[in-house]
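One letter stands for each residue in the lines below.
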Amino acid sequence: MGESEVAARKGVPAAVRRDPHGDDGRRPVAWLHIVAPPSWGVTPSARSWCTCSYERQAIGRAAVLQLIAAHGEHRTACPLLNPAPEGRAAA
Ligand SMILES: [Zn+2]
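Counting restarts for each chain, with residues numbered from 1 along the sequence as it is written. For a predicted model such as this one, the threshold for reporting local features is a pLDDT of at least 70, and the threshold for listing and counting side-chain atom pairs is 80 or more; totals across whole chains, interfaces and linings nevertheless cover every residue.

(A) Summary view of the overall build of the protein chain. Strands are runs of DSSP state E lasting at least 2 residues, helices are runs of H or I lasting at least 4, and numbering of each runs from the N terminus. Across its full length, the protein chain carries two helices and three strands. Reading the helices (α) and strands (β) of the protein chain from amino to carboxyl end gives α-β-β-β-α. Exposure classification rests on a simple neighbour count of other C-beta atoms within 10 Å of a residue's own: a residue reaching 20 or more is buried, one at 12 or fewer is exposed, and one in between is partly exposed. C-beta atoms are placed from the backbone. In the protein chain, buried positions account for 9% of the 91 residues. Partitioning the contacts of the protein chain with sequence separation of at least 6, the portion at a separation of at least 24 is 33%. By the convention adopted here, residues make contact when the C-beta atoms placed from their backbones lie within 7 Å.

Listed below in structure tokens is the structure:
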């Protein structure tokens, strides 16, 4: 008696909480790749892209810094990272 109930409870892996269908919004969506050699003689470049078809490339230190900022802004504006509420189209 009672034993099968205990076994059933133990059978539930409490530590396994990853839902394969769960979407906690933490999967990679936007990527930022920077190539910035320590040498000032080499022009740094960067590429930022996202699964929402957002893509930017920058060549040159100033442009790369702008791209990094734009990438950060995109993370708050991306329709994939910030799904628009139903019935409200993003501007
Ligand atoms: Zn995006």
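(B) Seen up close, the sheet that holds strand 1 (residues 30-35). One open sheet holds the three strands; their spatial order is 1-2-3, and the pairing between them is antiparallel. The open sheet terminates on both sides in strands that have one partner only, identified here as strand 1 and strand 3 (55-59). Along the sheet, successive strands turn relative to each other by an average axial angle of 5°, direction set aside. Strands pair, by our definition, only if DSSP identifies at least two bridges between them. Pairing of strand 2 (residues 45-50) with strand 3, which is carried by five bridges, proceeds in the antiparallel orientation. Paired with Arg47 across the strands is Gln57, a residue of strand 3. Set on the sheet, helix 2 (residues 61-77) makes contact with strand 1, strand 2 and strand 3; between it and strand 2 the angle comes to about 15°. Between the N-to-C directions of two axes lies an angle of 0 to 180 degrees, each axis being a line fitted to C-alpha atoms and, for a helix, fitted only over the stretch in contact.

(C) Focus on the pairing of strand 1. Strand 1 sits mainly on the outside: zero of its six residues count as buried. Looking at chain direction, strand 1 and strand 2 are connected through six bridges and run antiparallel. From the neighbouring strand, Val35 faces strand 2, where its bridge partner is Ser45.

(D) Representation of helix 2. Multiplying 1.5 Å by the residue count of a helix minus one yields the expected span of that helix. Helix length check: helix 2 (17 residues) gives 24 Å between terminal C-alpha atoms against 24 Å at 1.5 Å per residue, within 8%. Among the residues making up helix 2, those that are buried are Val64, Leu67, His71 and His74. Along the axis of helix 2, the buried positions cluster into a sector of 70°, meaning they face one direction only. Counted as exposed and oriented over 90 degrees from the buried face of helix 2: Ala62, Ala69, Glu73 and Thr76. The directions considered for the arc are those from the helix axis to the C-beta atoms.

(E) Looking closely at the environment of Leu32. Mapped onto the secondary structure, Leu32 falls in strand 1. Of the residues examined, Leu32 has 17 C-beta atoms within 10 Å and is grouped as partly exposed. In the structure, Leu32 is positioned 39 residues away from His71 in sequence and 7.3 Å away in space, judged by C-alpha atoms. Beyond its immediate stretch of four places on either side in the chain, Leu32 contacts Ala46, Ser48, Ile68 and His71.

Geometry only, nothing functional implied.
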